[in-house]
Amino acid sequence: MKKFGNIYLIAAISVIGGALFGFDISSMSAIIATTPYKCQYNAQGNDPLTGQCRGPDPSLQGGITAAMPGGSWLGALISGWLSDRLGRKAAIQAGAAIWVIGCIIVAASVSVPMLIVGRIINGLSVGICSAQVPVYISEISPPSKRGRLIGMQQWAITWGIVLMFFICYGCSFINGQAAFRLPWGVQAIPALLLFMGLCVLPESPRWLAKNDCWEEARKVLVLVHGKGDPNAPLVASESAEIQGVVRLDRQNADSTWLELIQPGMINRTHIGLFTQIWSQLTGMNVMMYYITYVFAMAGLGGDLLPSGIQFIINVVMTVPALIWQDTWGRRPTMLVGALLMCVFMSLNAGLFAVYSRPATDQDHFSTGAISMVVRGPPAKAIIASTYLFVASFAPTWGPASWTYPPELYPLRVRGKAVALSTSGNWAFNFALAYFTPVAFATITWKTYVLFAVFCASMFIHCFFLFPETANKPLEEVAAIFEYSGPGSIKYIGTPAWKTRNDRHSTLHLERNVVDPGNKSASLRSSDEAHSKDESKASV
């Protein structure tokens, strides 16, 4: 079968795996406030005054929402094993097939347990795809475009959110259970497109080389990086780098999960894991899942369009990162994002603390999670602050949290390490999805204070320990973590604040302005030094 080597087409098809997560977010956030959904899963019974269905209580709704990230945690963990054995493409295709099965169960669910089982299966799919799509793209992309292309995963998530939201909005005018069953069934279509689209894409050249398929690996490099020219300098450069790292891997064969906590690797493991954990502790996905609750507190209950505006902002504001993320670098992007999000979370906390009143039975809210009422100019300020928070996350931690972890690890452990990092994302996604409705019902505005503290903490953590990886070949990033040279810190390597984004020289190499042989020799020297360092660490 003919394979296509256009790197943007490769990324566009593979990131449909990220869109599945976006579909799930909207298929829950846009539906939990609708009458057909509340009547089908009416655990609280009807309101004695109005007779309307009240739906699941906050704890049960948290469990329903958290079922998907719970399954995603498990899916992310097994994805490393699946990817190392079957290949990056086959692992993503397996995730697509699992998603279709989950959608069938969710759309046909007649009870909360059946709904939860379907969402757990959907979560398995999202966990596999969210972990391995960035690995696949990072291993096939040229260094100068890697951030942009992996960042497309986050853009796909935002598009998934928007598209499913407006599908749900349109279906909300349908009377009866089709209002939520139709959107849940439609979710299966992107997974089918993903499965079929991957059939015409090449496998990761680094995975092929790792499995001794050298000729196939070179063909992929010629197709993708050389645009059909086997003599392209970038093909020679990438081939040399891959050969060097595979030789290094053979010297450290039979890598296991325990290698991720060895002295030479544990710093990278902790950085990748916390990149994903912090992306959840910003509170962004809480804003996505439960935004209808927040807007109901601000007087916009029953109207889905304000939520739609937020999702559109998320799509639009991700675009700057796709264009300039590799120019900005990873560190500035994450530091600025953490600072801005801390400001807007603090602003929301202050506005709710000063201007809100507790909700009462006379407000006729369907859930205790809608625990505050604020009206007038403060309500408008809360809505504006929420939109600005989303606009701060979208071009910063949104794409960076997917781009950064795959860049940190050597080939032999990359599948496992990224799987572990992504499992941290889903573990905290699960906890927050379950915790947030209960938190709004009990500690009310102090929920925002928690997220503001998290954003401040991630700024400090990122400044001192997250090095710059933009525009570096994946094999060259290893030199940052070597701690045998002058000025390095034991078990950490080069201090994070001393690392730089060297985009100029990378662009010169890819445009064939410099001799790729010299660059390759430099990289091989770096690999040999890294090999000696890791050999010492393993002893």
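The structure under discussion appears in the preceding block.
Here the structure is a predicted model, which is why all the values come from computation and not from measurement.

### Looking at the overall build of the protein
- For the protein, the helix and strand inventory stands at 23 helices and 2 strands.
- Seen through its principal axes, the protein has C-alpha atoms that stretch 80 × 50 × 40 Å.
- Counting across all 539 residues of the protein, residues that qualify as buried make up 59%.
- Within the protein, contacts between residues at least 6 apart in sequence are counted, and of these 81% link residues at least 24 apart.
- When the accessible surface of the protein is totalled, it reaches about 19500 Å², and 67% of it is carbon and sulfur.
- Looking at the protein, you have 39 positive and 31 negative side-chain charges, and the mean spots of the two groups are 3 Å apart.

### Structural notes on unusual backbone geometry
- Positive phi values are uncommon outside glycine, yet His364 reaches one of about 60°.
- Structurally, His364 is set in the loop between β1 (357-358) and β2 (372-373).
- Of the residues examined, His364 reaches a relative accessible area of 39% and is grouped as partly exposed.
- Positive phi, close to 45°, is recorded for Thr444, a residue that is not glycine.
- As for its placement among the helices and strands, Thr444 is situated in the loop between α20 (411-442) and α21 (446-465).
- For Thr444, a relative accessible area of 18% translates into the label buried.

### Let's talk about helix α7 (residues 146-171)
- Between its first and last C-alpha, α7 extends 38 Å over 26 residues, near the 38 Å set by a 1.5 Å rise per residue.
- Where α7 bends most, at Gln153, the angle is about 25°.

### Regarding the environment of Leu74
- Position of Leu74 among the secondary structure elements: in helix α4 (residues 58-86).
- Separated by 53 residues in the primary sequence, Leu74 and Gly127 place their C-alpha atoms 7.0 Å from one another.

### Side note on helix α6 (residues 112-140)
- Look at α6: 42 Å from first C-alpha to last across 29 residues, which is about the 42 Å you get at 1.5 Å a residue.
- Among the 29 residues in α6, 22 count as buried, and that is most of the element.

### As for the nonpolar core
- Phe21, Tyr37, Trp184, Phe389, Trp397, Tyr448 and Phe466 are the most contacted members of the largest nonpolar core, which has 133 residues in total.
- Leaving out residues up to four positions away in the same chain, Phe389 has contacts with Thr282, Gly283, Met284, Met287, Met341, Phe344 and Met345.

### Quick notes on the pattern of salt bridges
- Tallying each qualifying case throughout the model produces 12 salt bridges.
- Between Lys416 and Asp84 there is a salt bridge; the shortest N-O distance is 3.3 Å. In this pair, Lys416 sits in helix α20 while Asp84 sits in helix α4, placing the two residues 332 residues apart along the sequence.
- For Lys416, a relative accessible area of 12% translates into the label buried.
- Asp84 sits in the buried class, given a relative accessible area of 9%.

### Observations concerning the side chain of Ser371
- Among the secondary structure elements, Ser371 is positioned in the loop between β1 and β2.
- By relative accessible area, Ser371 is classed as buried at 10%.
- In terms of polar contacts, Ser371 uses its side chain to reach the backbone carbonyl oxygen of Phe440, at 2.3 Å.

### Here's the deal with the packing of aromatic side chains
- The full count for this structure, using the stated rule, is 21 aromatic pairs.
- Ring centres of Tyr37 and Trp184 lie 6.4 Å apart, and the angle between their planes is 90°; this geometry places the pair in the edge-to-face category. Here the residue Tyr37 occupies a position in helix α3 (residues 35-40), and Trp184 occupies one in helix α8 (residues 178-186), the gap between them amounting to 147 residues. For the pair Tyr37 and Trp184, a shared accessibility class is recorded, and that class is buried.
- Through successive ring pairs, a cluster of aromatic residues spans Tyr37, Tyr41, Phe180 and Trp184.
- When the ring centre of Phe4 is taken as origin, the NZ or CZ atom of Lys2, which lies over that ring, is 5.4 Å away.
- Its end group placed over the ring of Phe463, Arg331 keeps NZ or CZ at 5.5 Å from the ring centre.

### Observations regarding the state of the cysteines
- In this structure the tally under the stated criterion is 1 disulfide.
- Here Cys39 connects covalently by a disulfide to Cys53, the sulfurs 2.1 Å from one another. Here the S-S torsion is close to 100°, and the disulfide linking Cys39 with Cys53 is therefore right-handed. Here the residue Cys39 occupies a position in helix α3, and Cys53 occupies one in the loop between α3 and α4, the gap between them amounting to 14 residues.
- Under the relative-accessibility criterion, Cys53 is labelled buried at 16%.

### Thoughts on the packing of α7 against α8
- It is at 8 Å that the axes of α7 and α8 come closest, and there the two elements cross at 150°. It follows that α7 is roughly antiparallel to α8 by the angle criterion. Both α7 and α8 take part in a crossing whose hand is right-handed. Between α7, through Met164, Ile167, Cys168 and Cys171, and α8, the contact on the second element is made entirely by Ala179, Leu182, Pro183 and Val186.

### Some thoughts on the packing of helix α5 (residues 88-107) against α8
- Running from N to C, α5 and α8 cross one another at 175°; their axes reach a closest spacing of 8 Å. Between α5 and α8, the interaxial angle falls into the category roughly antiparallel. Across the interface between the two elements, Cys103, Val106 and Ala107 from α5 touch Arg181, Trp184 and Gly185 from α8.
- Of the residues assigned to the contact of α5 with α8, the class counts are 4 nonpolar, 1 polar and 1 charged.

Cut-offs applied
- Residues numbered from 1 in each chain as written.
- Predicted model: local features only at pLDDT ≥ 70, side-chain atom pairs only at ≥ 80, totals over all residues.
- Heavy atoms only, no water.
- Helix = DSSP H or I, 4+ residues; strand = E, 2+ residues; numbered from the N terminus.
- Buried < 20%, exposed > 50% of the residue type's maximum accessible area, 1.4 Å probe, protein only.
- Contact = heavy atoms within 4.5 Å.
- Areas by Shrake-Rupley, 256 points an atom, 1.4 Å probe, with all protein chains shown as cover.
- Lys, Arg positive; Asp, Glu negative; His and termini not counted.
- Charge placed at Lys NZ, Arg CZ, Asp CG, Glu CD.
- Expected span 1.5 Å × (residues − 1).
- Bend = angle between axes of the 7 residues up to and from the residue.
- Core = buried A, V, L, I, M, F, W, Y, C linked by side-chain atoms within 4.5 Å.
- Salt bridge = Lys/Arg side-chain N within 4 Å of Asp/Glu carboxyl O.
- Polar contact = N/O pair within 3.5 Å; in protein donor to acceptor, adjacent residues only side chain to side chain.
- Phe/Tyr/Trp six-rings, centres within 6.5 Å; stacked < 30°, edge-to-face > 60°.
- Lys NZ or Arg CZ within 6 Å of the ring centre and 35° of its normal.
- Disulfide = S-S within 2.5 Å.
- Axes fitted to C-alpha atoms, helices over the stretch in contact; angles between N-to-C directions.
- Parallel < 35°, antiparallel > 145°, perpendicular 65-115°, else oblique.
- Left-handed = near helix turned anticlockwise from the far one by under 90°.
- Nonpolar A, V, L, I, M, F, W, Y, C, P; charged D, E, K, R; others polar.

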